[in-house]
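# Working through the structure, step by step
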Amino acid sequence: MKYESRLVSGKAYTRLARRQQIANACGRWALRCLTSAGVGLAMYLAVDKGSKVSSRENGAHMAKAAGKMAGAYFLKSVAKRKYEVWRLRHRIEDSIQSISMWQQKWIIVSSITEVNDLRKTTSYSKLIAEPSAEDHNLEMKASSRRLLEALPIRSNKGAFWYSQGAFRLLLVRRVMDLVYASVGTSLSYTGPSGAYGLWMPLAGLCASYYAVAGSDVTSSDAARYVQAPDMGFIKRAWGMVTLPPIRWLSLEASRLLKGIELVERVVIGGTPCLLMSHSPQPVISAAIDRTRRQKSRNDLPEIAEEQGSEGINVDLKGIEEKDVIFHITGGGWFIHTTATDIPWLAEWSAVANAVVVVPEYDLLPSHHFPVALNQVTDMYVALASGEAARELGFRPRRIAVSGESAGGNLAAALIVKLCMDGIIDAEGVRVAREKTRKEFEEEKAGGEEGESRPLDAKHRHPSSSENFFRRMRSDTLTDRKAGVVTLPDCLLLSCPALNMTHSVSPSRIMGTGDPVLPSGLIQMISNQYVPEESGVSKEDPLCSPYFAPDDALRCFPNTLLWVSASDPLLDDAVDFNTRLRRVGVNSSIHAAQHMPHAFLGLSNAGFPEAERVQKSCQRFLLETFRERKEGGGE
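Residues numbered from 1 in each chain as written. Predicted model: local features only at pLDDT ≥ 70, side-chain atom pairs only at ≥ 80, totals over all residues. Heavy atoms only, no water.

### A closer look at the pairing of strand β6 (residues 490-494)
Condition: For every residue, the accessible area (1.4 Å probe, protein chains only) is compared with the maximum for its type, and the residue is labelled buried under 20%, exposed over 50%, or partly exposed between those bounds. Helix and strand assignments come from DSSP, with helices taken as H or I runs of at least 4 residues and strands as E runs of at least 2, each series counted from the N terminus. What makes two strands pair is DSSP finding at least two bridges between them.
Among the five residues of β6, five are classified as buried, and the element is accordingly described as predominantly covered. Along β6, one buried face is formed by C490, L492 and S494 and the opposite face, lined by L491 and L493, is buried too. Pairing of strand β5 (residues 395-404) with β6 involves five bridges; the strand directions are parallel. Looking at β6, one finds that A400 is bridged to C490. Here β6 runs beside strand β7 (residues 558-564); their pairing, made up of five bridges, is parallel. Bridge pairing links L492 to L560 in β7.

### Side note on the environment of M43
Note that M43 resides in helix α1 (residues 2-50). A residue is classified by how much of its surface remains accessible, and M43, at 27% relative accessible area, is partly exposed. Sequence-wise, M43 and A65 are 22 residues apart; in three dimensions their C-alpha atoms are separated by 8.2 Å.

### Some thoughts on a nonpolar patch on the surface
Here is the rule we go by: Distance thresholds for patches are 9 Å for like charges and 5 Å for nonpolar side chains (Val, Leu, Ile, Met, Phe, Trp, Tyr), applied to residues having over 30% relative accessible area and no salt bridge. In short, Shrake-Rupley with a 1.4 Å probe defines the accessible areas, and a residue's cover is counted only from the protein chains shown. Any Lys or Arg side-chain nitrogen found within 4 Å of a carboxyl oxygen on Asp or Glu counts as a salt bridge.
Together, M200, M240, L243 and I246 make up a nonpolar patch on the protein surface, roughly 300 Å² of accessible area in all. Relative to the elements of secondary structure, I246 occurs in helix α8 (residues 244-258).

### Points about the state of the cysteines
For clarity, the cut-off: Cysteine sulfur atoms are paired as a disulfide whenever they come within 2.5 Å of each other.
Taken as a whole and judged by the stated rule, the model has zero disulfides. C555 takes part in no disulfide bond, and the closest cysteine sulfur, belonging to C419, lies 3.5 Å away. With relative accessibility at 0%, the residue C555 sits in the buried group.

### Remarks on the nonpolar core
Side chains of a nonpolar character, in soluble globular proteins, are inclined to be buried together. Operational definition: In these notes, a set of buried Ala, Val, Leu, Ile, Met, Phe, Trp, Tyr and Cys residues joined through side-chain atoms within 4.5 Å is what counts as a nonpolar core. Residues are treated as being in contact if the distance between any of their heavy atoms lies within 4.5 Å.
Residues I268, F326, W333 and F556 are the most contacted members of the largest nonpolar core, which totals 129 residues. Excluding residues that lie within four positions of it along the chain, W333 makes contacts with Y361, L363, L364, A372, A406, N409, L410, M500, I525 and Y529.

### Focus on a positive patch on the surface
Put simply, the rule is: Counted as positive: Lys and Arg. Counted as negative: Asp and Glu, with His and the chain ends omitted from the count. The location of each charge is read from NZ of Lys, CZ of Arg, CG of Asp or CD of Glu.
On the surface, a cluster of positive charge is contributed by R28, R81, K82 and R89. With three residues, helix α2 (residues 56-116) is the largest single contributor of residues to the positive patch. Take R89: it is sitting in helix α2.

### Describing the pattern of salt bridges
The final tally for this structure, using the stated rule, is 16 salt bridges. R255 is the salt-bridge partner of E252, the closest N and O atoms lying 3.7 Å from each other. Here the residue E252 and the residue R255 both occupy positions in helix α8, the gap between them amounting to three residues, near one helical turn. Residue classification places R255 among the partly exposed residues on the basis of a relative accessible area of 33%. Note that R397 is salt-bridged to D323, the shortest N-O span being 3.4 Å. With R397 in strand β5 and D323 in strand β3 (residues 321-328), this residue pair connects regions lying 74 residues apart in the sequence. Neither residue differs from the other here; R397 and D323 are each classed as buried. Salt bridges linked by common partners bring E321, D323, R395 and R397 together as one network.

And the structure:
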């Protein structure tokens, strides 16, 4: 009986809802008719009042015109209503698909993280699971993980709760889907070789097709091609930004709009690099020209290099000092993203009044780990020690190292290599920091007991953790002397790829469909950068700074990490920041909403989220360089 009463009650509610729906529809139609009649009457009266001729024929014409206006308004209101209903239905359908996608991902995350809890080897929580044989053995993988890797869950749909930032990210996704689908389709016809460049016009034709085919077709084809990509696919899909016309256009636009005064391609430490400055640098230009003339005459003087505990024998007297931003580009070790980085690097140079050095390290597939890292290290050593000062016309006053994506990997690995290979006095840095920590704790304890201890000007008012880290940096950073290699003064990482293993984590699952870096590309790049035949473990701290020992992490300078909240590599940065802070390094991490992987270049494309990140990075660099000047380091 209860079931029957509930059934009758349900039918009553259905009839009531149907009656209300009919009443609402009748009300809308009545209101639409009355409004249209009012519009027509208003037009009739307005024309009649302004007309100087009063006749029956003229009145008929006015009535006909007013009727047309009323009819047009009526049809417009009907069309508008139909469009709103159609749009609402599609948004509801898209929202249902989006919720379903997140539900599937959450089920996979839960099933995988439950298993990975048994694989943790630390006393504190980590997001990335410890490496295991399961990462490389298909038979040992859980079925949910195999499903995730075989059928990546992607979504090109919006939802009714999406903000403007979410729709901007959706636009980026559709653009990247268009690129991946077009390049993948063209290479499927021409083959991996590209048929001597024939792939490019064919990709243009494919892009025209996908532009009208719809987002569902484009997204599904893009997901198919990025699931198991080859090197040719990545180099061509990402390599469009490295085409000579694109690089030339970016450089000339930066000269005109950003005011770049100096752009030179030089060789430092045996590796070519791009040298940029927002302000005129006549001394640097003259030194570079002099070096080129000497090389052309083949009469360069030999510089005696005696690498050891005393460093390199270089005389830096009379050479001007400059603040330096040592930026390492991303691109998955397949390309250099210099064309997209130049505009915002010009802004960094202008704000910090610094010279920007961009290494052009060797790329895949010809050069694997550790070629790029060794080249970056040699360049940094030549720059920091002053070995290249005569050729460049300046020596660094202070150096800020930055990197994005793969460049973030090389930037962090550079610090690890400097410490582990004994290139810097790592023990001296650790001892100095420990001494500063003890002094700060004693002074803080004395302040709590009411004691008054005199402090010098350098260590005045150490009342907070911020002052403590400031003191630690000022005590461990010494003036750069000729031939002595020291740590960089700060480290700035954006979406760094710090863990090259295939271990799973929540962000690598939830971000499997990232517009720029889907899961298929992550595994392919990792296998190419550290191939199995090389015999190098992906847990090597120099290729995966995530696994660096604590002694190396204690040497890290002031560090700022910026990541995207939906980045598949988010957990790399979160766990790395946790480790840095646990060993006493002043490190902070921030997440930008509604941004894809490697988003710094979007700051010049009208994305306010990326613009805010750029402002934060500029303040970080400005504070780093300002501390040196205020501390009397010049």
